[in-house]
Amino acid sequence: MAVVSTEMRDRVAIVWIDNPPVNALSQAVRAGLLSAVEELDGNSEVSAVVLACKGRTFIAGADIREFDKPPMEPHLPDVIARIEAASKPWIAALHGTALGGGFEVALGCHYRVADPRAKVGLPEVHLGLIPGAGGTVRLPRLTPVANAVQMVSGGRPVGATEPLAQGIFDSVAQSSDELLDAALTLARQTAGKPAPAGLSGRDPIEPPDEAGWSKLIEAVRSKARGQLSPVEAALAVRDAAELPVDKAFAGERDRFVKLRATDQSKALRHVFFAERQTAKVPAIDGIEPRAVNKCGVIGGGTMGAGIAACLLLAGLAVTLIERDGETVDFALKRVGGLLDASHKRGLVNDAGLAAMKDALGGSTDYAALADCDLVIEAVFEDMNIKREVFARLDQVTRPDAVLATNTSYLDVNEIASAIADPKRVLGLHFFSPAHVMKLVEVIATDTVSADVLATGFALAKRLRKTPVLARVCDGFIGNRILTAYRKQCDYMLEDGALPADIDSAMRQWGMPMGLFEMADMAGLDIGWAMRKRQAATRDPAERYVRIADKLCEMGRFGQKTGAGWYTYDEGSREPKPDPIVEQIIVEESRERGITREKFSAEQIQARILDAMVSEGKKILDEGIAQRASDIDMVMILGYGFPRWRGGPMFMAERFKG
Ligand code: 3H9
C-alpha cells in the first residue's frame, strides 16, 4: 500500500497520506507528495487538490527517527515550497494533530479546513529544535507575529476556537464526519481559479516595534530556564518579520540544523521516546487489565485527596475513607476544592464538575468499599498502620478487587502479606500534587499477578500519567535516588558548601528548586522523625551528617516555623541565608576535623550528578528498574530534573569516558 495515493472526485484530486501510526513525514511520504504535486500540476483534468490523511491524525511532523541519520532527499522545505508554488489551489483537510512539519505542510497549502477537534502546532521546541520547514516564516504571515512567537516558542498546539488560532483556518467543519466534504466544497469554490499567492509572498502581520520585540524575547528567555530552542524560535520569527523572505527561510534552516546537533536536542529526542517506552513491560504484554470504574481511597490528606481528585477527573467514581465524620467532611471539602480549581482553570465544564462531585462519596466505614474495583491506600507512612488497613480491606473488598498502596518507600511485599491473596496487591506511588504530577511508579511485588500489574498500568494511562515499573526496595527508583542526592548535599555542607551555594548551583543546572529550599517547603520534621526511627539500625560505619538534626532540635522545621535551612520574614516564602545556620555548619565541620573547601557551581553539579548516576546504576543492577531510560523519566517527571538534559542516566552514557 502506497503511503501517498491520489483519488479523483470530479475535478478535485484528493491526495491521501497513509503512514501509520501518525503519518510522520518519512522520506517515502516526502517523495510521494513531491511526485503528487508535479503530476497534478500537469494534469488538466484537475482543478484543485485536497490534502488529507488516513488514520487518527493529519501529519504529526517529521519522522523523528530520521534525525539521527543523514538527511535524505527530497527535503521537506523543498516539498512545501513546491506545493506553495503549485498552479492549482491545495486545501489541507486537518484532523487530529497537525504538528511540526505536518502543520508546515498545511501552511504551504493555500487553504486550511479543520475538523472542529483538530489542533495545530509547532512543538519542535520540545525536541530542542525550531521548525525547519518554513513554519517560523509562514505562520507570522497568517496570524499576528506575537501569536506566532507564542506558538513556536511555547510549542503548545491550539484548537480552532482558541484566540491564538486567529487567522489560521479558512473554515471549520460542523463535525469530524463532515471534514472531507467541507474541504471538497472549498476546493470546488476555488476550482478553475489560479492558486492564490502563498504565505511566503505576503507581509508579516502586526510586527512589534523594537521595544515590543525586547519584551517578547525576554519573556521567552526567562521561561526557558537555560533551554536554547524557545529563544532561537522567537529569534527566527523576528528574522521572519524583519528580513527578506529568502533570508528568513535560510536563517530558519540554519538554526534548525545547528540545534539538531546540540546535546539539548539529542537529550529531548531521547526523552520523547523514553516517555513512550515506560509503558512497555514484557511481563504484561497482551494481558487484559481488570475493569476499573469504582475506586476507594483510604486517607484524605494531601496525597489521598489529590489521588481522589485525579481519579474523579478521569471519570471514575470514588469513595473516600477517613477515621471520623469530621475528617471525612474535611477530606471531601479538600477534594471538592481541587475539582473547583480545575473547573476554574477551564479543564472541566459545569456539567463535568457536577458529575464528578456526584461521583464522590465519603465514609468512616470500610464496608462502603464492598463494590470497589480498586482501592488505593494513602495513609501515614507506618508499616503497622498500613498492614492494619490492608487486613481490613481483605475483609470487606471483593476478592477480585485490586488493592494498591501509595507508600513512597515502605516494603510493599510486607504490606501485601497482610492479606490472604497477595497477588492482588501492588504499589501505585503518586507524586504530590497527585492530580497534577505526571509520574506514577507502579511497584511490582514478588507476588503480584500479571493482570493486576496490567491494571496498574491501564489505570495510570487512563489518568493520563506516565507509569514507570519499579520493583520493591527502600524508596523504589525516585526516592532512592533522592536519598543519594540528599546525602551528597549533606556531605558537601560538611566539606565546605552552604545551602545557598548548593541550591543556586542546582537552579543554574535547570532544577526548578534547590534541595534545601524544597526541604524547607516540605517541612524538616518528617525526615527527622524517620531518621530517629532508623537510628538503631543505621550502619555505624556509614558517614552520617548531623546538621539537619541540629536544626530540628532548635525547632527549625522550615517555612512553617519561619526558619529551617533558611530564614523567612513573617508571611514570606522567600528563603534568606541565615548566619546561624552557617555557624552550625562550620562548627560541625570543625568538630569532624574537616577543613572546609570552597565548591564551584560546576563541582556541586558534578557531585550531585555522580551520586544520582551511581545510585541509578545500582537500581538497574538490582533489577529495580527495567531500563536506564525509565530512571531518567522518573527523575524528570517526579523530581524536576531538566528535561533538556535527558536525565542522569542519559547524561552518564553520553558523556562517559
Ligand atoms: C518536525 O516536524 C521538524 C520540522 O519542523 C522540520 C523538518 C525538516 N516521528 O505519542 P504516541 C510514534 S519535528 C516518529 O504514543 P498519541 C511514537 O514514538 C516533529 N515517530 O501517540 C509512538 O511509537 P511507538 C514535530 C513518532 O496518540 C507512536 O508514534 N512533531 C512521531 O498519544 C504513537 O505515538 C512532534 O513533535 C514522529 N514525529 O499522540 C509530534 N510521533 O508506538 C510528536 C509519534 O513505537 N508526536 N511517533 O511507541 C506527538 O506529539 C504524538 O505522537 C501525537 C499522537 C500527539 C501525534
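Residue positions are given per chain, counted from 1 along the sequence in the order it is written. The model is predicted, so local features are restricted to residues of pLDDT at least 70 and side-chain atom pairs to those at 80 or more, both for listing and for counting; the totals for chains, interfaces and linings are taken over all residues. With hydrogens and water stripped out, all remaining heavy atoms of the structure feed into the side-chain values.

J.: So what exactly am I meant to see when it comes to the site of the ligand here?
T.: Neighbouring residues of the ligand: 26 residues in total, closest R56, E104, E124, R276 and K280. Under the rule applied, a polar contact is a pair of N or O atoms within 3.5 Å (in protein, one hydrogen donor and one hydrogen acceptor; residues adjacent in sequence only if both atoms are side-chain atoms). Backbone polar atom of A62 to an oxygen atom of the ligand: 2.8 Å apart, as the coordinates give it. At 2.9 Å, a backbone N or O of I64 approaches a nitrogen atom of the ligand. When the ligand sits alone it has 1000 Å² of accessible area, and the protein chains cover 76% of it. Of all the secondary structure elements, the ones that give two or more residues to the shell around the ligand are strand 5 (97-99), helix 3 (101-108), helix 9 (245-260) and helix 10 (263-277). A breakdown of the residues in the shell around the ligand according to their chemical character gives 13 nonpolar, five polar and eight charged. Proximity criterion: a residue is near a molecule or strand once any of its heavy atoms comes within 4 Å of it. Accessibility throughout is a Shrake-Rupley quantity obtained with a 1.4 Å probe, and a residue counts as covered only by protein chains that appear here. Strands are runs of DSSP state E lasting at least two residues, helices are runs of H or I lasting at least four, and both sets are numbered from the N terminus onward. Gly counts as polar in this scheme, as do all residues outside two lists: the nonpolar Ala, Val, Leu, Ile, Met, Phe, Trp, Tyr, Cys and Pro, and the charged Asp, Glu, Lys and Arg.

J.: Looking at this model, I keep getting lost on the side chain of K88. Mind explaining?
T.: With respect to the element layout, K88 can be found in the loop between helix 2 (76-84) and strand 4 (90-94). The side chain of K88 sits in the buried core without any salt bridge; D41 is the nearest counter-charge, 5.2 Å away. A distance of 3.2 Å separates a polar side-chain atom of K88 from the backbone oxygen of V46. In what follows, residue pairs with any heavy atoms lying within 4.5 Å of each other are defined as contacts. Sequence-distant contacts of K88, defined by excluding residues within four places in its chain, comprise L40, D41, N43, S44, V46, S47, A48, H110 and A195. The buried label goes to any residue with under 20% of its type's maximum accessible area, the exposed label to any with over 50%, and the partly exposed label to all in between, with areas taken from a 1.4 Å probe on protein chains only. None of His or the chain ends enter the tally, which takes Lys and Arg as positive and Asp and Glu as negative. What makes a salt bridge here is a side-chain nitrogen of Lys or Arg within 4 Å of a carboxyl oxygen of Asp or Glu, nothing more.

J.: Just to check I follow, could you spell out the pattern of salt bridges for this structure?
T.: Pairs can form between side chains of opposite charge whenever their charged atoms are close. Counting across every chain of the model gives 46 salt bridges. Here D170 ties to R112 by a salt bridge, and the two come within 3.9 Å at their closest N and O atoms. Taken as a pair, D170 in the loop between strand 8 (158-159) and strand 9 (171-172) and R112 in strand 6 (residues 111-114) lie far apart in primary sequence, 58 residues in all. According to the relative accessible area criterion, D170 is partly exposed, its value standing at 41%. According to the relative accessible area criterion, R112 is buried, its value standing at 2%. What emerges from the salt-bridge pattern is a single network uniting E494, D495, R543, R546, K550, E588, E591, R592 and R607.

J.: Explain the sheet that holds strand 3 (residues 48-53) to me, please; I cannot follow it from the model alone.
T.: For sheets, the rule is that strands pair by backbone hydrogen bonds, running either parallel or antiparallel. Strand order in the open sheet formed by six strands is 1-2-3-4-6-9, with mixed pairing between adjacent strands. The open sheet has two free edges, formed respectively by strand 1 (4-9) and strand 9, since each of these has just one partner strand. Judged from the six bridges that link them, strand 2 (residues 12-17) and strand 3 form a sheet pairing that is parallel. Residue pairing in the sheet places I17 in a bridge with C53 of strand 3. The pairing criterion for strands is at least two bridges between them, as found by DSSP.

J.: When you look at the domain arrangement of the protein in this model, what are you seeing that I'm missing?
T.: Quoted interface sizes are often the accessible area lost when the parts come together. Structurally, the protein comprises domain 1 (4-256), domain 2 (285-477) and domain 3 (480-623). Taking the mean C-alpha position of each, domain 1 and domain 3 sit 49 Å from one another. Domains are outlined according to an automatic or database domain assignment.

J.: I tried to follow the environment of W528 on my own but got confused; where do I start?
T.: Following the sequence through the fold, W528 ends up in helix 20 (residues 525-534). Taking relative accessible area as the criterion, W528 reaches 17% and is therefore assigned buried. Along the sequence, W528 and V245 sit 283 residues apart, while their C-alpha atoms lie 62 Å from each other. Beyond its immediate sequence surroundings of up to four residues, W528 is in contact with D549, C552, E553 and F557.

J.: Looking at this structure, I do not really get the environment of E597. What am I missing?
T.: Its place among the elements puts E597 in the loop between helix 22 (579-591) and helix 23 (601-621). By relative accessible area, E597 is classed as exposed at 57%. Taking the C-alpha atoms as reference points, E597 and L338, 259 residues apart in sequence, are found 47 Å from one another. Apart from residues lying up to four places away in sequence, E597 is in contact with D495, G496 and A497.

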